[in-house]
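Each chain, letter by letter, is given below.
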Amino acid sequence: MGSSRGAVTLRRIEPADWRAVHSWASLDEVCRYQTWGPNTEAQTRAFVAEAAAAWERSPQHRYAYAARSGGDVVGMGELHVRSRAQRQGEITYAVHPRVWGRGVGTAIGAGLLARAFDGLGLHRVYATCDPRNLGSARVLGRLGMTREGRLRHTALIRDGWRDSELFAVLEDAWRGVGGGD
């Protein structure tokens, strides 16, 4: 990337994005706090193929996006509708380490929240992160999400049971902060 803070755009993930996704999904530092990875090429191909296929399902509950900056796919984000009746969803994201600290995660999150609230009419969106993942917690705070608490032993990962910090934002609060930076 030429600039330290290029514009980030989100577009539907496509099967051809698997190589870009694999460039970070195969790295220990990206997967450190996750239940998945480091991925093999076959695992990444299957994940991306499934994420792309979800766009064709009805009703749709999973919206996966590739994040582009400077012409490169530098991350991805997903919006999962957890309850249409209760108008609730969850966001997740991953960013290539070469662009960590450049606002890419925040841009992905802001794009996902805009789609959740403006596009799908959701009322509440949440996200979780490992308590040790301070960078992700900062991103969620920048998005206007409130830390609601800690869920204990939510995932078994490589170094043992992982707790999850729970963050959420309601539609009125999100609109009040302008969707984050």
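Residues numbered from 1 in each chain as written. Predicted model: local features only at pLDDT ≥ 70, side-chain atom pairs only at ≥ 80, totals over all residues. Heavy atoms only, no water.

A. Region of the structure containing the pattern of salt bridges. Following the criterion strictly, the structure yields 14 salt bridges and no others. For glutamate 78, the salt bridge goes to arginine 62, with nearest N and O atoms at 2.5 Å. Here the residue glutamate 78 occupies a position in strand S3 (residues 72–83), and arginine 62 occupies one in strand S2 (residues 62–69), the gap between them amounting to 16 residues. Here glutamate 78 and arginine 62 have matching classes, each one buried. (Salt bridge = Lys/Arg side-chain N within 4 Å of Asp/Glu carboxyl O. Helix = DSSP H or I, 4+ residues; strand = E, 2+ residues; numbered from the N terminus. Buried < 20%, exposed > 50% of the residue type's maximum accessible area, 1.4 Å probe, protein only.)

B. Structural view of the sheet that holds S2. The mixed open sheet is built from 7 strands, whose spatial order is S1-S2-S3-S4-S5-S7-S6. Each edge of the open sheet is held by one strand with a lone partner, namely strand S1 (9–12) and strand S6 (146–157). Adjacent strand axes in the sheet meet at a mean angle of 30°, parallel and antiparallel pairs treated alike. Looking at chain direction, S6 and strand S7 (residues 160–170) are connected through 8 bridges and run antiparallel. In the strand pairing of S7, arginine 147 is matched with phenylalanine 167. (Pairing = 2+ DSSP bridges. Axes fitted to C-alpha atoms, helices over the stretch in contact; angles between N-to-C directions.)

C. Expanded view of unusual backbone geometry. The peptide bond linking glycine 37 to proline 38 adopts the cis configuration, its omega dihedral lying at -10°. Cis geometry marks the peptide bond from serine 58 to proline 59; its omega dihedral reads 0°. Residue placement: proline 59 occurs in the loop between helix H3 (41–53) and S2. Residues other than glycine seldom take positive phi values, yet arginine 87 does so here, at roughly 55°. The residue arginine 87 is located in the loop between S3 and strand S4 (88–95) in this model. Arginine 87 gets classed as partly exposed once you look at its relative accessible area, which sits at 35%. Although it is not a glycine, histidine 153 sits at a positive phi angle of roughly 50°.

D. Quick peek at helix H5 (residues 134–142). Looking at H5, one finds that the buried residues are Ser136, Val139 and Leu140. The buried residues of H5 occupy an angular sector of 95° when the element is viewed end-on, so they sit on one face. Along its buried surface, H5 packs onto S4, helix H4 (104–119), strand S5 (124–129) and S7. In the segment just after H5, glycine 144 is the residue with positive phi, at about 85°. (Arc of directions from axis to C-beta. Contact = heavy atoms within 4.5 Å.)

E. Layout of the environment of glycine 77. Within the fold, glycine 77 resides in strand S3. A relative accessible area of 1% means that glycine 77 is categorised as buried. Sequence-wise, glycine 77 and isoleucine 108 are 31 residues apart; in three dimensions their C-alpha atoms are separated by 6.2 Å. Residues within four places of glycine 77 in sequence aside, it is in contact with Tyr63, Ala64, Tyr65, Thr92, Tyr93, Ile108 and Leu112.

F. View of the nonpolar core. Core analysis: the largest hydrophobic core is formed by 43 residues, its most contacted members being Ile13, Trp24, Ile91, Leu113, Leu143 and Met145. The greatest single-element share of this core, amounting to 7 residues, is contributed by H4. (Core = buried A, V, L, I, M, F, W, Y, C linked by side-chain atoms within 4.5 Å.)

G. Highlighting the packing of aromatic side chains. Enumeration according to the criterion identifies 3 aromatic pairs in this entry. Considering the side-chain rings of tryptophan 55 and tyrosine 63, the 5.5 Å spacing of their centres and the 85° angle between planes classify their relative orientation as edge-to-face. When its relative accessible area of 13% is taken as the criterion, tryptophan 55 is described as buried. Relative accessible area serves as the criterion here: at 9%, tyrosine 63 is assigned to the buried category. Three or more aromatic residues joined by ring pairs form one cluster here, namely Trp55, Tyr63 and Tyr65. (Phe/Tyr/Trp six-rings, centres within 6.5 Å; stacked < 30°, edge-to-face > 60°.)

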